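Given next are the chains, with one letter for each unit.
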Number of protein chains: 2
Amino acid sequence: MGKDARTGGRSRRARVTLREVAQEAGTSPSTASRALAGHGYVAEGLKARIEAAAARLGYVPDVSARSLKGRSSGLVGLVVSDLRNQFYAALAAGVEQTLAAAGHQMVLVDDHGSDTQALDGARAFLAMRAAGVLLAPVGRTATELLVEHGTPVVEVDRRSGVRSCDAVTIDSERGAREAVSHLLELGHRRIAMVLDETVWGTGRDRLKGYRAAHRAAGVPLARRLVLDLGLRPADPQGDVAAFLDANPDVTAVFAANNLVAEAVWQELQRRGSAVPKDCSVVSFDDLTWMRIVEPGLTAVRQPVYEMGRTAAELLLERIAGERGRARTHTLEPEFVLRGSTSAPGTPAEQTP
Amino acid sequence: MGKDARTGGRSRRARVTLREVAQEAGTSPSTASRALAGHGYVAEGLKARIEAAAARLGYVPDVSARSLKGRSSGLVGLVVSDLRNQFYAALAAGVEQTLAAAGHQMVLVDDHGSDTQALDGARAFLAMRAAGVLLAPVGRTATELLVEHGTPVVEVDRRSGVRSCDAVTIDSERGAREAVSHLLELGHRRIAMVLDETVWGTGRDRLKGYRAAHRAAGVPLARRLVLDLGLRPADPQGDVAAFLDANPDVTAVFAANNLVAEAVWQELQRRGSAVPKDCSVVSFDDLTWMRIVEPGLTAVRQPVYEMGRTAAELLLERIAGERGRARTHTLEPEFVLRGSTSAPGTPAEQTP
DNA sequence: CTGTTAGCGCATTCAA
DNA sequence: TTGAATGCGCTAACAG
């Protein structure tokens, strides 16, 4: 093909193996292996020759062969539910950063909120002998499968209920309690909560926080004020619209996550409700747009990137051989006061 | 440890191998291999027995061993420059979706805009015998290394200049031309352009479009109206502020990407400039927040997710053996008119 | 249709 | 300090 000239005449097809490097350096494969790996004794001069040969030939060790010998590939799996959601993207970024620094690669699987797809991912991780797996569970099956096979697992953001693995979560209940307490202190008495999964995951804990805040303030709870959009709602904004029509006495909305917050915000905007005068809004999760809009959204900021980092660190310890029993790290959310909340019927005092 | 009871009594440590499955089914490894892989002839009864045995034992094939025999692992690499940027997250999501549907796994590397880190990633992909690699190049080295080693490569969003690989990009020049023409038609004559890399990548093409629009309208170009923030600016908003102070006659700003757009928008907001009355704004790239803010940002929408899908499809064809010469797909951006643009000194007419 | 043989690239014994 | 031998788990020839 001629165009191989630039590569120094070597064929583009043939992988350079350790044997060839050894030949080029006039030694044996095993010596070359030791020289390149840095283990065991190799004479300085020989070592230099071998390294030179490897560089000249463009040698790249084959991890397949390596992990076939040893225990695992250096790969670490990550399963998230929606990469297009900034929350998961930030999580993945934190994980990747930590993993890369430790010389591992991240294999990313998007399960789109489906347990089945998460399970497929888990199987793939098993097949590639992943050193460990991080996942935001959508069920127990994936975690169970991995744990059964002895793969270190760290759950992130949510818990599957499997006891025998580490986890890093954010204190959803506390964050929700603070957010709702804030609204109660401002004088709100009919605070709606909108979420997309009541029975499981973070939604449940945030609902607990919502209730706890009401109890602490001695404000009665009304079932009708909780809107559960269900998993992956088709038209969240439409559902919010219907809800607000049915409950016109609501003076504030607590949105349980960024997806819900967007639907609420857009709907309030669409119907021309003034925030916070007509309706206060607090979001759990703080995305870029929430500090850009006018007024800024009062929100519960989650240390997402840090959560990814922490989870990856925990996993790396397990991979390194840490044997202790399952640990759970709980990170603290941070309440960020902006302009979308005020006493009922009052315009915002300030917009930072 | 006792807790293995649930797994059916098998040890958690030992991987189940094909040999064990074969033994369990009372046959040979190669027959078991054929039965499980689906290739070659195997009697129906035996096949069922083998499958049952595999299921019973929880057998998971070892891809390391498989790729050691054959050509490559099923892994596909993706290199992006900043996963926390919604643009890249969407790109990755599109890629993942397509790859997963084809039974491949995606290994994601974030190079943080550094050529060195991209090169590290490329080496890792080589080491794992990746079936192919997708990358948004930050230089030529990574692409060159991969191509030299015969790994199929598809470049996304940007071009490195390496001729011998496929690429999928968006027509930056055209998108920029349309955006700037729109401003010119509204009557703007001093339109600033803000970007973060003039000499390379998409910034260069968008600058071309900016110039082309001016030439087409017969409006002279002023060098001082182009603000180049440089790669990874420390304080983009501060730079924009200084620029606007130095060029108070500017009536419109064309932001070359979402990062720049955010800096521009925040700075205009900070100094209390009314958009579009005091200053019109157009963004290249259309993120969530741009349609949420008031007024909505007029923007050039890029089909990012689709770009990821297309690139992955191209790569899959190469992996499947497609031999033709390098192809380039150019996707068309879409101009989205919202409320952030109007004739100089005019408030927005409407806010959709 | 099935089993035996061989070898992918490497790291790790063990002898020299 | 070095090299020859071995086997990780799997699949592709081949022979039966």
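Residues numbered from 1 in each chain as written. Chains lettered and ligands numbered in written order. Predicted model: local features only at pLDDT ≥ 70, side-chain atom pairs only at ≥ 80, totals over all residues. Heavy atoms only, no water.

**Q** So what exactly am I meant to see when it comes to the overall build of chain A here?
**A** Across its full length, chain A carries 13 helices and 12 strands. The C-alpha atoms of chain A give a radius of gyration of 27 Å, which is well past the 20 Å a tight globule of 352 residues would have. Of all 352 residues assigned to chain A, the portion counted as buried reaches 53%. Long-range pairs, those at least 24 residues apart, make up 66% of the contacts in chain A with a sequence separation of at least 6. Surface accessibility of chain A: about 15,100 Å² in total, with carbon and sulfur atoms responsible for 50%. Charged side chains of chain A number 44 positive and 42 negative; the gap between the two group centres comes to 7 Å. (Helix = DSSP H or I, 4+ residues; strand = E, 2+ residues; numbered from the N terminus. Rg over C-alpha atoms; globule rule 2.2 N^0.38 Å. Buried < 20%, exposed > 50% of the residue type's maximum accessible area, 1.4 Å probe, protein only. Contact = heavy atoms within 4.5 Å. Areas by Shrake-Rupley, 256 points an atom, 1.4 Å probe, with all protein chains shown as cover. Lys, Arg positive; Asp, Glu negative; His and termini not counted. Charge placed at Lys NZ, Arg CZ, Asp CG, Glu CD.)

**Q** What is the right way to look at the pattern of salt bridges in this model?
**A** Close approach of charged atoms lets side chains of opposite charge pair. Residues and elements named next belong to chain A. The final tally for this structure, using the stated rule, is 44 salt bridges over all chains. Here D205 ties to K208 by a salt bridge, and the two come within 3.8 Å at their closest N and O atoms. A residue pair is termed a helical-turn pair when its members lie 3 or 4 positions apart in one helix, as D205 and K208 do in helix α9 (residues 201-217) at 3 residues. With a relative accessible area of 40%, K208 lands in the partly exposed category. The salt bridge partner of R327 is E317, with a shortest N-O separation of 2.8 Å. Placement of R327 in the loop between α13 (304-319) and β11 (328-331) and of E317 in helix α13 is noted, with a sequence separation of 10 residues between them. (Salt bridge = Lys/Arg side-chain N within 4 Å of Asp/Glu carboxyl O.)

**Q** Hey, could you run me through the relation of the copies chain B and chain A in this one?
**A** Relating one copy of the chain to the other takes a rotation about an axis and a shift parallel to that axis. Least-squares fitting of chain B to chain A yields an RMSD of 0.1 Å, with the superposition described by an axial translation of 0.0 Å and a rotation of 180 degrees. On this basis, the relationship between the two copies can be described by a two-fold rotation axis. Of the interface residues in chain B, 100% have counterparts in chain A that sit at the interface too, so the contact is made through matching surfaces. (Least-squares fit on C-alpha atoms with pLDDT ≥ 70 in both.)

**Q** Would you take a moment to explain the packing of helix α8 (residues 172-185) of chain A against α9 of chain A for this structure?
**A** Two measures define how a pair of helices packs: the angle their axes make with one another and the distance between the axes. Residue and element names in this part refer to chain A. One can describe the packing of α8 onto α9 by two numbers: an axis separation of 7 Å at closest approach and a directional angle of 40 degrees. Classified by the angle between their axes, α8 and α9 sit oblique to one another. At the point where α8 passes α9, the crossing takes the right-handed sense. Contacts between α8 and α9 pair S172, E173, A176, R177, V180, S181 and L184 from the former with T202, D205, R206, K208, G209, Y210, A212, A213, H214 and A217 from the latter. Partitioning the contact of α8 with α9 into residue classes produces 7 nonpolar, 5 polar and 5 charged. (Axes fitted to C-alpha atoms, helices over the stretch in contact; angles between N-to-C directions. Parallel < 35°, antiparallel > 145°, perpendicular 65-115°, else oblique. Left-handed = near helix turned anticlockwise from the far one by under 90°. Nonpolar A, V, L, I, M, F, W, Y, C, P; charged D, E, K, R; others polar.)

**Q** Looking at this model, I keep getting lost on the interface of chain B and chain A. Mind explaining?
**A** Many authors give the size of an interface as the accessible area that is lost as the parts come together. On the side of chain A, 55 residues touch chain B, which itself brings 55 residues to the contact. Overall, the association of chain B and chain A removes approximately 5,400 Å² of surface from exposure, summing both partners, and the carbon and sulfur fraction of that is 53%. By the criterion of area lost to chain A, the three top residues of chain B are R15, R129 and I292 of chain B, representing 14% of everything that side buries. Between chain B and chain A we count 4 salt bridges in total. Across the pair E262 of chain B and R291 of chain A runs a salt bridge whose closest N-O atoms are separated by 2.7 Å. Where chain B meets chain A, there are 16 residue pairs in polar contact (both at pLDDT 80 or more). For the side of chain B that touches chain A, the secondary structure elements donating two or more residues are α4 (63-69), α5 (86-101), β2 (105-110), α6 (115-127), α7 (141-148), α11 (258-270) and α12 (288-292) of chain B. Per-element accounting of the side of chain B that touches chain A gives the leading share, 7 residues, to α5 of chain B. Split by residue class, the side of chain B that touches chain A holds 25 nonpolar, 14 polar and 16 charged. (Buried area = accessible area lost by both parts, 1.4 Å probe. Polar contact = N/O pair within 3.5 Å; in protein donor to acceptor, adjacent residues only side chain to side chain.)

**Q** Any chance you could explain the UniProt feature "domain: HTH lacI-type" (unreviewed entry) in chain A here in plain terms?
**A** The UniProt record annotates "domain: HTH lacI-type" (unreviewed entry) at residues 16-70 of chain A. Within the segment residues 16-70 of chain A, helix and strand shares are 69% and 0% respectively, and the terminal C-alpha atoms sit 21 Å apart. (UniProt positions renumbered as here; feature names shortened; annotations may be inferred.)

**Q** Mind showing me how you'd approach the protein's contact with DNA strand C here?
**A** Taken together, 21 residues lie near DNA strand C, and L18 and Y59 of chain A together with T27, S30 and A43 of chain B sit nearest. Each atom of DNA strand C within 4 Å of the protein was classed as base or backbone; sugar and phosphate made up 57%. A distance of 2.9 Å separates a phosphate oxygen of DNA strand C from a polar atom in the side chain of T31 of chain B. If you list the elements that add at least two residues to the surface near DNA strand C, you get α2 (29-37) and α4 (63-69) of chain A together with α2 (29-37) and α4 of chain B. (Near = heavy atom within 4 Å.)

**Q** Would you mind showing me how to read the sheet that holds strand β9 (residues 280-284) of chain B here?
**A** Strand pairing in a sheet relies on backbone hydrogen bonds. The paired strands run either parallel or antiparallel. Residue and element names in this part refer to chain B. The strand order across the open sheet formed by 6 strands is β7-β6-β8-β9-β10-β12, and the pairing between neighbours is mixed. Each edge of the sheet is formed by a strand with only one pairing partner; in this case those strands are β7 (226-228) and β12 (334-336). Mean inter-strand twist for the sheet, computed between neighbouring axes without regard to direction, equals 15 degrees. Across 4 bridges, strand β6 (residues 191-195) lies against strand β8 (residues 252-255) in parallel orientation. Its bridge partner being in β8, A192 is matched across the sheet by V253. (Pairing = 2+ DSSP bridges.)

**Q** Could you clarify how one ought to interpret the protein's contact with DNA strand D in this entry?
**A** Residues in close proximity to DNA strand D total 21 residues, the closest being T27, A43 and K69 of chain A together with L18 and Y59 of chain B. A breakdown of the atoms of DNA strand D within 4 Å of the protein gives sugar and phosphate a share of 59%. One nitrogen or oxygen atom from the side chain of R66 of chain B is found 2.7 Å from a phosphate oxygen belonging to DNA strand D. Take K69 of chain B: an N or O atom from its side chain is 3.4 Å from a base oxygen of DNA strand D. Looking at the surface near DNA strand D, the elements with two or more residues in it are α2 and α4 of chain A together with α2 and α4 of chain B. Taken together, the residues of the surface near DNA strand D sort by class into 9 nonpolar, 7 polar and 5 charged.

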